[in-house]
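Residue-level structure breakdown
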Amino acid sequence: MLNDSVDIIKLARINPVIAVLNFIKKTFVIAELEVRKLKHDPTELLTRAAQPALWMLVFGEVFTKVRAIPTGSLSYLDFMAPGILAQSVLFVAIFYGISIIWERDLGIVHKFLVSPTPRAALVLGKALSAGVRAISQAIIIYLLSMLLGVQLSWNPLSLIGIIFIVIISAALFSTFSLIIACIVKTRERFMGIGQVITMPLFFASNAIYPISIMPHWLKVLAHINPLTYQVDALRTFMIIGGQSQYGLTFDFAALIIAMIILSLIAAKLYPSVVR
Amino acid sequence: MTKKILEVKNLTKKFGNFTAVNSISFNVDKSEIFGVVGPNGAGKTTTIKMLTTLLPPTSGEASIGNYDIVRDASTVRRIIGYVPQLLSADGNLTGYENLLMFAKLYDIPSKEREKRIWDSLHLMGLSDSAGNMVKSYSGGMIRRLEIAQSVLHRPLVLFLDEPTVGLDPIARDAVWKHVETLAANGTTVLMTTHYMEEADTMCSRIAIMHKGNIAAIGSPKELKLSIGNQDASLDKVFEHYAGDKLEENESGRNFAEVSRTRRNAKRLG
């Protein structure tokens, strides 16, 4: 007389493979839901492209002329293009958490939490959909860079590398944003904190200037900032002659480990958002 | 023969020094429409949140279909349906998509999915608007869509938190008609409301909650007889047990709830 889905949870309890497959499936359902919403209204993706375009066109063009920043063998525009991609991924992701507050106020989060979806799948599904949004930014910035004459790599392996880095970085920062949302719980406080952390994250990194020109204390901050490793990997993949400072393996490892830690924290905090 | 499907024993929730739900106990039988009535702040929503695994109880226990709401929370989630107080269907998806996503989350086998979704839409009278974006729906339609969504996996117990708040009388009647159909088909319904006349006509049994306690419990008729007046309104019964009128009971603690209700009303236009 019990309904059919009880069997699945019993199976999952016995068989860890089924549990993992179920987890992955649910993560993709949550991501699918977000992508469907995006398909109904994609305008957001285009309006978001304005900001990186301005950075490249105005800031990039001017600083290329000034030659104030030592960028080694790369032109300044080549140096900053991956930084601007990283920045737009950061901006897409860092305000993502506000959707949780919004959905909490609408009662949507309640319904997901009452469903038998693993908490971590709710978090990762959201993170993955932030990745999808970020991919659209990557495409726009790639096209823009091409128009501005940046020495872009079109090697398929590099492109796959970029897609991976963009998705994991978006996932990482959106999960970070989710954690903040779960802690502060109101839109007003979230917006305040979002503003306060975005700029330091961006400027305490190697996005638009090399870390070597920073004062010591800022160097320390830049080295614990995941954005630095994201930019380092993007620069290596995107730009012809771009060299990794920390090694791609280290970049990947840093991003993945940060993502795992943040996901675990977020999955733990997520249910508290409705209490 | 009746069968207990929901058992609540000494369930308590404290927020700091404030006791939102104070050691309540009751049982619900299969196919009942069980009402929990009381003013805002009586502990109705807190009770529902505990029973739906959203909020861990401070003490006491409850089980649904013999599964404990704390120890077997993940199983409980599979056998209950829940419609929150707010109109929570996703406005940026179509009605069909709202159901599709939840069908997937509840592991309804893909070959059965379409049939269940359309059966559910049909049952709630939404087949014709399934392809429209939910933001174009009226409040009553959204509520019916949410009920459709919450019964896709054929839950043993359906929890409805103030299902008709903010709806006009016609939409309210439609929602009730559909809830009665569900109950007639064997779904057990536990609902909260602060509309006494609604509880009177709809529910087979009612628990009157007041300041975190269950002040009285029984069928509407029993409750009326218990105050010695079988023609009394439930409002009178409530006054008798709570020693208080409904309207005068909105304390400061309910600000969030009140503002949410208002926001909801605004959203409905």
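Cut-offs and rules
- Residues numbered from 1 in each chain as written.
- Chains lettered and ligands numbered in written order.
- Predicted model: local features only at pLDDT ≥ 70, side-chain atom pairs only at ≥ 80, totals over all residues.
- Helix = DSSP H or I, 4+ residues; strand = E, 2+ residues; numbered from the N terminus.
- Buried ≥ 20, exposed ≤ 12 C-beta atoms within 10 Å, placed from the backbone.
- Contact = placed C-beta atoms within 7 Å.
- Pairing = 2+ DSSP bridges.
- Axes fitted to C-alpha atoms, helices over the stretch in contact; angles between N-to-C directions.
- Core = buried A, V, L, I, M, F, W, Y, C linked by C-beta atoms within 7 Å.
- Expected span 1.5 Å × (residues − 1).
- Bend = angle between axes of the 7 residues up to and from the residue.
- pLDDT = per-residue confidence, 0-100.
- Parallel < 35°, antiparallel > 145°, perpendicular 65-115°, else oblique.
- Left-handed = near helix turned anticlockwise from the far one by under 90°.
- Nonpolar A, V, L, I, M, F, W, Y, C, P; charged D, E, K, R; others polar.

Each helix and strand in chain B was counted, giving ten helices and ten strands. Each of the 269 residues in chain B was classed as buried or not, and the buried ones make up 51%. Within chain B, contacts between residues at least 6 apart in sequence are counted, and of these 69% link residues at least 24 apart.

All names here are of chain B. Pairing in this open sheet of four strands is antiparallel, and the strands run E2-E1-E4-E5 from one edge to the other. Pairing within the sheet leaves two strands with one partner each, and these edge strands are strand E2 (18–29) and strand E5 (67–68). Helix-sheet contacts for helix H1 (residues 44–51) involve strand E1 (4–15), E2 and strand E4 (59–64), and the interaxial angle to E2 is about 65°.

All names here are of chain B. Pairing within the open sheet is mixed, and its six strands lie in the order E6-E7-E8-E3-E9-E10. In this open sheet, the two strands that pair with only one neighbour each are strand E6 (80–83) and strand E10 (213–218). Strand-to-strand twist of the sheet, defined as the mean angle between neighbouring strand axes without regard to direction, takes the value 15°. In terms of strand pairing, strand E7 (residues 157–161) meets strand E8 (residues 188–193) through five bridges, oriented parallel.

The next subject is the interface of chain B and chain A. A common way to report how large an interface is uses the accessible area buried once the components associate. In this complex, chain B contributes 31 residues to the contact, which on the side of chain A involves 25 residues. Those elements that place two or more of their residues in the side of chain B that touches chain A are helix H2 (73–79), E6 and helix H3 (95–105) of chain B.

Our focus in this paragraph is the pairing of E6(B). Residues and elements named next belong to chain B. On E6, burial covers both faces: Ile80 and Tyr82 on one face and Gly81 and Val83 on the other are all buried. Where E6 meets E7, four bridges bridge the pair, whose relative direction is parallel. Note on E7: the bridge partner recorded for Gly81 is Leu158.

Okay, unusual backbone geometry next. Residues and elements named next belong to chain B. Positive phi outside glycine occurs at Ser23, with the angle close to 50°. Note on placement: Ser23 falls in strand E2. One non-glycine residue with positive phi stands out, namely Lys211, at about 50°. Position of Lys211 relative to the elements: it lies in the loop between strand E9 (205–210) and E10. For Lys211, a count of 18 C-beta atoms within 10 Å translates into the label partly exposed.

Next up on the list: the nonpolar core. Note that soluble globular proteins tend to have their nonpolar side chains buried in a common cluster. One finds Ala81(A), Ala93(A) and Ile64(B) to be the most contacted residues of the largest nonpolar core, which totals 156 residues. Per-element accounting of this core gives the leading share, 14 residues, to helix H9 (residues 156–184) of chain A. Beyond its immediate stretch of four places on either side in the chain, Ala81(A) contacts Met56(A), Ile141(A), Ser145(A), Val150(A), Met238(A) and Ile239(A).

In this section: helix H4 (residues 50–66) of chain A. Residue and element names in this part refer to chain A. Given a rise of 1.5 Å per residue, 17 residues ought to cover 24 Å, and the 24 Å separating the end C-alpha atoms of H4 matches this to within 8%. Within H4, the axis deviates most sharply at Gly60, by approximately 30°. Where H4 is buried, its residues meet helix H5 (76–94) and helix H8 (119–147). Note on H4: the residue one or two positions beyond its end, Arg67, has a positive phi of about 55°.

With that out of the way, let us pick up the confidence of the model for chain A. Interpretation of the predicted coordinates at a detailed level should be avoided for regions scoring low in pLDDT. Looking at chain A as a whole, its pLDDT mean stands at 90, while 95% of the residues score no less than 70. Across chain A, the element-wise mean pLDDT spans from 63 in helix H1 (residues 5–14) of chain A up to 96 in helix H12 (residues 226–238) of chain A.

Here the focus is the environment of Asp29(B). Here Asp29(B) lies in strand E2. Placed 179 residues apart in sequence, Asp29(B) and Ile208(B) show a C-alpha to C-alpha distance of 17 Å.

Residue and element names in this part refer to chain A. Between H12 and helix H13 (residues 248–269), the least distance of the axes is 9 Å, while the angle of their chain directions is 140°. Overall, the two elements H12 and H13 adopt an arrangement that is oblique. In terms of crossing hand, the pair formed by H12 and H13 is left-handed. Contacts from Pro226, Tyr229, Gln230, Asp232, Ala233 and Thr236 of H12 reach H13 at Leu248, Asp251, Phe252, Ala254, Leu255 and Ala258. Here the contact of H12 with H13 is built from residues that sort into eight nonpolar, two polar and two charged.

Here we take up the packing of H4(A) against H5(A). All names here are of chain A. H5 packs onto H4 with a crossing angle of 155° between their chain directions and a minimal axis gap of 10 Å. Overall, the two elements H4 and H5 adopt an arrangement that is roughly antiparallel. The way H4 lies across H5 gives a crossing that is right-handed. Of the residues in H5, those touching H4 at Gln51, Pro52, Trp55, Met56, Gly60, Phe63 and Thr64 are Tyr76, Leu77, Met80, Ala81, Ile84, Gln87, Ser88 and Phe91. When its residues are assigned to classes, the contact of H4 with H5 shows ten nonpolar, five polar and no charged.

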